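# Report on the structure
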Amino acid sequence: MSGDWTEAIAQHAEGFTRLEKRVAAYLMANPDVLLVDTSASIAERVGVSPMTVTRFFKKLGFESAAAAKRKAKRQAFGPDAVRIGSRYAQFRESKSPIDADTLLQIGTAAIRRACDMRSQPVWREIVDHVAHADSVYVTGFQTMSYLARGLSMRLGYVRPNVHELDGSDGVYAKLLADPASARTLILIDIFRYGRNGPVLAKAARERGADVIVFCDEFCDWAAGITPYVVALPSTTTLFFRSDTAIHFSLSLLEQDVIDAYGENVRRQMELLSEAQELFGQYTK
């Protein structure tokens, strides 16, 4: 939520009941939570009834928590609020001192979420698709392109037919024209989400490919296209949104694919080792 939200809460503070003040305190301390939480989840976290949360938002002038959530998304994700030219000024205005313990807690929580995701049944399906597909394509949008490049390179060490998909041809023909019967697309992106991401994911699904999306917790389009969504926290007190959780989750994926691919990994590594010796790419 933006400063408009905190100001609105402060202006109505005198009219809140004791329980509504608990809701207000929670939202003031966690201003982005409304982007992902419902009235029921807010009520559970604060220890009040959902009706209390509803009354709270009505006092702010909203019909419901859902209406407040829609406004929060417009403010956070709208074109004016996130223009790259104004981002630095906004960051400097809201910046508070960042101590090492806080950064450690944020990083640890992100890694814990990645580990929690790994324990979900859907994770095993994701690993199987990446390990056993005939072809695997990896693409990343915006600042996530470097993670896609690294993932495709490392997966290429342990299994064949892994391709980085950069969209330079404008139509992602390499994936969409691939005749292989089993194809897997791994797509990595965070807010504000590249325009081509949902289009590519949907086109790949329509052509029979399995689509896996690694994204932040605010992504509202991936779940409507594929069941294989790894949504992880990106909130941070740093200037750029943190990719710690996604980065660590991709490392877990690599390791689990190695385990699933089994003895074939050894042969793939031997072939790559022979190529490295042939071209002499390393000094040692």
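Not measured: the values here are computed from a predicted model. (Residues numbered from 1 in each chain as written. Predicted model: local features only at pLDDT ≥ 70, side-chain atom pairs only at ≥ 80, totals over all residues. Heavy atoms only, no water.)

### Quick notes on the overall build of the protein
Cut-off, in case you're wondering: By the criteria applied, helices consist of DSSP H or I runs no shorter than four residues and strands consist of E runs no shorter than two, each listed in order from the N terminus. Burial here depends on accessible area, computed with a 1.4 Å probe over protein chains only, as a share of the maximum for the residue type. Under 20% is buried, over 50% is exposed, and the range in between is partly exposed. In this description, accessible areas are obtained by the Shrake-Rupley approach with a 1.4 Å probe, and a residue is regarded as covered only by the protein chains that are shown.
A count of helical and extended segments in the protein gives 13 helices and five strands. Evaluated residue by residue, the protein yields a buried proportion of 42% over its 284 residues. A total of about 15,500 Å² of accessible surface is found on the protein, and carbon and sulfur atoms cover 53% of it.

### Digging into helix α13 (residues 264–279)
What counts, and what does not: Expected span, for any helix, means 1.5 Å times one less than how many residues it has.
Taking 1.5 Å per residue, 16 residues should reach 22 Å; α13 reaches 23 Å between its end C-alpha atoms and fits that length. The positive-phi residue at the C-terminal boundary of α13 is Gly280, with phi of around 60 degrees.

### Structural notes on the sheet that holds strand β5 (residues 228–232)
As a reminder, the rule being used: Between any two strands, at least two bridges found by DSSP are needed for them to pair. Helix axes use the C-alpha atoms of the stretch in contact, all axes being lines fitted to C-alpha atoms, and the angles between their N-to-C directions lie in the range 0 to 180 degrees.
Taken together, five strands build an open sheet; the order of strands is β2-β1-β3-β4-β5 and the sheet is parallel. Two strands bound the open sheet, and with one partner strand each, they are β2 (162–164) and β5. Direction aside, the axes of adjacent strands within the sheet are offset by 15 degrees on average. Pairing between strand β1 (residues 135–140) and β2: three bridges, direction parallel. Bridging from a neighbouring strand, Tyr137 pairs with His163 of β2.

### Topic: the environment of Ser49
Looking at where Ser49 falls in the secondary structure, it is placed in the loop between α3 (39–46) and α4 (50–59). Since its relative accessible area comes to 33%, Ser49 is described here as partly exposed. Through-space distance from the C-alpha of Ser49 to that of Leu19 is 9.0 Å; in sequence the pair is 30 residues apart.

### Some details on the confidence of the model for the protein
Put simply, the test is: pLDDT expresses, on a scale from 0 to 100, how confident the predictor is about each individual residue. Residue contacts are counted whenever heavy atoms from the two residues lie within 4.5 Å of one another.
On average, residues of the protein score 84 in pLDDT, and 85% of them reach the 70 mark or higher. Across residues 79–83, confidence stays below pLDDT 50; counting only partners more than four residues off in sequence or on other chains, it has eleven contacts.

### Describing the pairing of β5
Most of β5 sits out of view: four of its five residues are buried. Of the pairings in the sheet, the one linking strand β4 (residues 210–216) to β5 comprises five bridges and is parallel in character. Among the inter-strand pairings, Phe214 is bridged to a residue of β5, identified as Val230.

### Observations concerning the packing of helix α7 (residues 100–118) against helix α12 (residues 244–261)
Note the threshold: A crossing counts as left-handed when the near helix is turned anticlockwise from the far one by less than a right angle, and as right-handed when that turn is clockwise. Nonpolar residues are Ala, Val, Leu, Ile, Met, Phe, Trp, Tyr, Cys and Pro. Charged residues are Asp, Glu, Lys and Arg, and all others, Gly as well, are polar.
Contact geometry for α7 and α12: axes closest at 8 Å, N-to-C directions at 35 degrees. Both α7 and α12 take part in a crossing whose hand is right-handed. Judged by residue contacts, Gly107, Ala110, Ile111, Ala114, Cys115 and Arg118 of α7 engage Thr244, Ala245, Phe248, Ser249, Leu252 and Asp256 from α12. A breakdown of the residues in the contact of α7 with α12 according to their chemical character gives seven nonpolar, three polar and two charged.

### Considering the environment of Thr52
With respect to the helices and strands, Thr52 occurs in helix α4. As a C-alpha pair, Thr52 and Thr17 span 35 residues in sequence and 9.2 Å in three-dimensional space. For Thr52, the residues in contact, after removing those within four places along its chain, are Leu19, Glu20 and Val23.

### Remarks on the pattern of salt bridges
As a reminder of what qualifies: A side-chain nitrogen of Lys or Arg and a carboxyl oxygen of Asp or Glu constitute a salt bridge if their distance falls within 4 Å.
On inspection of all chains with the given rule, the structure shows five salt bridges. Across the salt bridge formed by Glu20 and Arg55, the nearest N and O atoms sit 3.8 Å from each other. Placement of Glu20 in helix α2 (residues 18–29) and of Arg55 in helix α4 is noted, with a sequence separation of 35 residues between them. Judged by its relative accessible area of 1%, Glu20 falls in the buried class. Classification of Arg55 by relative accessible area gives partly exposed; the value is 40%. The residue Asp256 makes a salt bridge to Arg118 at a minimum N-O spacing of 2.6 Å. One end of the pair, Asp256, is in helix α12; the other, Arg118, is in helix α7, and 138 residues separate them in sequence. Among the ionic contacts, a cluster of salt bridges with common partners joins Glu20, Arg55 and Lys59.

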